[in-house]
Amino acid sequence: MTIKKFYLKACDTSTNFIVRCSLLVARLRVLYDEQLTTINYQRILLIHFSLFLIPSIKAQDAIYSQFYNTPQLLNPAMTGIFQGSVRANVNYRQQWSGVFSDVAIRTASAGVDYRFHGIADDYIAIGLSGISDNAGGYSDLQTNSGAFAASYLKQLGGDRYSTSSQYLVAGLQVGMAQKKITNNLWYDRQFDPSTYTINTSLSNGEFLPQSNNYTDFNLGLMYYNVIDDNHSIYFGGAVDHINQPKVSFLGNTKEVLRQRLVFHGGGQFPLRDELTVLPSVLVTLQGPSMYSTVQTSFRYTNNDWNELAIRAGGGFRIVNGFVYDPTNKAGGNNLILDALIISMMFEKSHFIFGLSYDIHTSSIVSPTNGRGAWELSLIFVAPEKTRVNTACPKF
């Protein structure tokens, strides 16, 4: 197998950075057939190489293209920022199904948050969220976590009965997480030459702990200014994994989940009565890794009661990664246009449904057969129990 050019993405949408390094080189499929003539030993070595890297590869966080629809995962300060009394959201992402055949890399999450009145025109909000990140294949690496969030919304201008308001929000999140691996790999010791098959009942001679549990702490801050129903701006930041929990399967105390810095912002700006534009940007920094997404969508509605509102737009994702060209025998860390993003959202009554698709533009197009990633999101917001309408931006 000749590899003319490849790069290791520095940050992606799953914690299984190890598997991602492998995906960029070759597809991990069944490595033998009935004739034993199609055994690809290079792929066998690739699997062993991935396992060898486990103690030294730094873990990364899962990130959605529809990051604006995962409020508590993005920033704990976004807890309680919505127009209503209770908000619930579910999200699902699947990518690179062309690599693992019918087994793709899957990320699912859910959250619920509740806001109630505080002192004067301030608010207090609490929320629960959870995420399950599964890097599928012959050896599933899963990260499951749950977190409790609390935020305080301090009003800087306006009042509860006005359509315009300014708020400064601070949020805290405490969670528990578990990483576990299901070792379904087979090794050369389990190959039976008499039958040309793999006998998984034989010992593989390998040992790898199955799980690792840890506690996680995140902090966030956010400011937003709602000028009217169709005009707002917001920006915020968060520091995740403040305690840098140890995540090694092998007890390596130097293997930690690095702190992640999150910066995000956006707004809504009117073009005419029925049409507004909603730009958004996300930048994350985690160790040497950088991930940035810029998107813009257009929202159309007749402004009638219970009218369907439609959003359509797109954007792009940039990451930093190592690019090596064996022809020139040189490489380095470069910014890479990783994907183009197409998205749509439908708002009806108290529900918001979103879908998006990532079109990969980087070297990963080849090993994935050109297949990108798709996401679904569903948000439900229960109406206010009183006539008071809290001014919040649209994300």
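Residues numbered from 1 in each chain as written. Predicted model: local features only at pLDDT ≥ 70, side-chain atom pairs only at ≥ 80, totals over all residues. Heavy atoms only, no water.

(A) Region of the structure containing the overall build of the protein. The number of helices and strands found in the protein is 3 helices and 17 strands. Within the protein, buried positions represent 49% of all 395 residues. Counted over contacts in the protein with a minimum sequence separation of 6, partners at least 24 positions apart contribute 63%. (Helix = DSSP H or I, 4+ residues; strand = E, 2+ residues; numbered from the N terminus. Buried < 20%, exposed > 50% of the residue type's maximum accessible area, 1.4 Å probe, protein only. Contact = heavy atoms within 4.5 Å.)

(B) Representation of the pairing of strand β13 (residues 289-300) in the model. Examined bridge by bridge, strand β12 (residues 275-286) and β13 share 12 bridges and lie antiparallel to one another. Looking at β13, one finds that Leu285 is bridged to Met290. Counted between consecutive antiparallel strands, the loop separating β12 from β13 contains 2 residues, among which Gly287 sits at a positive phi close to 60°. (Pairing = 2+ DSSP bridges.)

(C) The pairing of strand β3 (residues 105-117), seen in detail. Here 10 bridges tie strand β2 (residues 86-95) to β3, and the two strands are oriented antiparallel to one another. Of the residues in β3, the one forming a bridge with Asn91 is Ser109. Where β3 and strand β4 (residues 123-135) come together, 13 bridges link them in antiparallel fashion. By the bridge assignment for β4, Asp113 is matched with Gly127. Remark: 5 residues form the turn of the hairpin made by β3 and β4, two consecutive strands paired antiparallel; Ala120 in that turn has positive phi of roughly 55°.

(D) Examining the pattern of salt bridges more closely. Per the stated rule, a full pass over the model turns up 11 salt bridges. Among the salt bridges present, the one from Lys154 reaches Asp122, with a minimum N-O distance of 3.3 Å. With Lys154 in strand β5 (residues 139-158) and Asp122 in the loop between β3 and β4, this residue pair connects regions lying 32 residues apart in the sequence. In this structure, Arg299 engages Glu347 in a salt bridge whose closest nitrogen and oxygen atoms are separated by 2.9 Å. Placement of Arg299 in strand β13 and of Glu347 in strand β15 (residues 330-348) is noted, with a sequence separation of 48 residues between them. Of the two residues, Arg299 and Glu347, both sit in the buried class. The network of salt bridges with common partners includes Arg93, Arg317, Asp338, Asp358 and Glu375. (Salt bridge = Lys/Arg side-chain N within 4 Å of Asp/Glu carboxyl O.)

(E) Looking closely at the side chain of Ser165. In this structure, Ser165 sits in strand β6 (residues 165-183). The class for Ser165 is buried, based on a relative accessible area of 3%. Looking at Ser165, its side chain comes within polar contact range of the side chain of Gln155, at 3.5 Å. (Polar contact = N/O pair within 3.5 Å; in protein donor to acceptor, adjacent residues only side chain to side chain.)

(F) Fine view of the packing of aromatic side chains. For the structure on display, the rule yields 8 aromatic pairs. Taking 6.2 Å as the distance between ring centres and 50° as the angle between the ring planes, the aromatic pair formed by Tyr123 and Tyr167 counts as tilted. With Tyr123 in strand β4 and Tyr167 in strand β6, the pair connects residues that are 44 residues apart, well separated along the chain. Grouping residues by exposure puts Tyr123 and Tyr167 together as buried. (Phe/Tyr/Trp six-rings, centres within 6.5 Å; stacked < 30°, edge-to-face > 60°.)

(G) How the structure looks around the side chain of Arg93. Topologically, Arg93 is positioned in strand β2. On the accessibility criterion, Arg93 (1% relative accessible area) is buried. Within polar-contact distance, the side chain of Arg93 engages the side chain of Gln95 at 3.1 Å. Within polar-contact distance, the side chain of Arg93 engages the side chain of Glu375 at 2.5 Å.

(H) Geometry of the nonpolar core. The biggest cluster of nonpolar side chains holds 26 residues, and the ones touching the most others in it are Ile81, Leu153, Val169, Met222, Tyr224, Leu282 and Phe395. Going through the elements one at a time, β4, β6, β9 (211-228), β10 (231-240) and β15 are the ones with two or more residues in this core. Counting residues per element, this core draws most heavily on β9, which supplies 3 residues. Ignoring sequence-local partners within four residues, the contact set of Tyr224 consists of Ile81, Leu153, Ser165, Gln166, Tyr167, Val169, Ile233, Tyr234, Ala391, Cys392 and Pro393. (Core = buried A, V, L, I, M, F, W, Y, C linked by side-chain atoms within 4.5 Å.)

(I) Summary view of the environment of Ser248. Among the structural elements, Ser248 can be located in the loop between β10 and β11 (260-270). Through-space distance from the C-alpha of Ser248 to that of Asn212 is 7.2 Å; in sequence the pair is 36 residues apart. Leaving out residues up to four positions away in the same chain, Ser248 has contacts with Asn212 and Glu255.

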